[in-house]
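# Chain and residue survey
Each chain, written out:
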Amino acid sequence: MANSFKFNKLRKEDIGLRKYIHIFLGEVGIGYFVKYELILLMCSWVPGVVGYYLRSKFYPFLLGSVGKGVVFGRNVTFRHPKKIDIRDGTIIDDGCVLDAKGGQDSGISIGENCYIGRNVIVYCKDGKIDVGSESNIGHNCILFSSNLLKIEEKVLIAAYSYIMSGGRYDFPVDKEFVYQDTY
């Protein structure tokens, strides 16, 4: 019964808490909110093999789906974690942000055996991001989508890259990309 409690019943002075929950978790009940906070408090900062073990056991309770053998580094931030799917054998390095924010059901999907480098930010704003299997995203990259961003399988993205999708673009295939105009 506690899980069905919604935060619209909070007092006026609790408006900051309501905003925090909406930004980080979306529309969830108090049970999920407490679980999220306790798991992050208990696991996110723990170094070494003990931290990897704790995160591998507890983070799947927060996310949409997590495959086997997924490794989470320290201090990974999840926003709207129920809309994040990570497949087998993927490594999410320290300090990453996976932000699937938005009102739609779309979010972030990371394929098998991917590597998401240290401090990478993957975020949506009412968009969807698909990272294909065996892709490698170098450290300090930013992937953003307000529509659809699809990284194919076995793609290597160099460190410090910024890749985004937003509007709709129509590029002719008879010209090299560097010479194409946007409309």
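Placed above this text is the structure.
Residue positions within a chain follow its written sequence, with the count starting from 1. Reporting in this predicted model follows two pLDDT cut-offs: at least 70 for local features of residues, and 80 or more for side-chain atom pairs to be given and counted; totals over whole chains, interfaces and linings ignore these cut-offs and use all residues. Calculation of side-chain values draws on the structure's entire complement of heavy atoms; hydrogens and water are dropped beforehand.

On to the sheet that holds strand β5 (residues 91-92), then. In space, the five strands of this open sheet follow the order β2-β5-β8-β11-β14, with parallel pairing throughout. Of all the strands in the sheet, just β2 (71-72) and β14 (156-157) have a single pairing partner and so form its edges. Across two bridges, the pairing between β2 and β5 is parallel. Its bridge partner being in β5, Val-71 is matched across the sheet by Ile-91. By definition, two strands form a pair when at least two bridges between them are found by DSSP. Comment: elements are numbered from the N terminus, with helices defined as DSSP H or I runs of at least four residues and strands as E runs of at least two.

Now for the nonpolar core. Put simply, buried Ala, Val, Leu, Ile, Met, Phe, Trp, Tyr and Cys residues joined by side-chain atoms within 4.5 Å make one nonpolar core. The cut-offs for exposure are 20% and 50% of the maximum accessible area for each residue type, with area from a 1.4 Å probe on protein chains only; residues under the lower value are buried, those over the upper are exposed, and the others partly exposed. In terms of nonpolar packing, the biggest core is built from 37 residues, with Ile-86, Ile-92, Leu-98 and Ile-110 touching the most fellow members. Looking at this core, the elements that each hand over two or more residues are α1 (15-25), α2 (30-43), β4 (84-86), β7 (108-110), β9 (121-124), β10 (128-131) and β13 (148-151). Top contributing element to this core by residue count: α2, with six residues. By definition, residues are in contact when any of their heavy atoms lie within 4.5 Å. With sequence-adjacent residues up to four places away left out, Leu-98 is seen in contact with Thr-77, Phe-78, Arg-79, Ile-84, Ile-86, Ile-92, Ile-108, Ile-110 and Val-122.

By themselves, these are just geometric observations and shouldn't be taken as functional.
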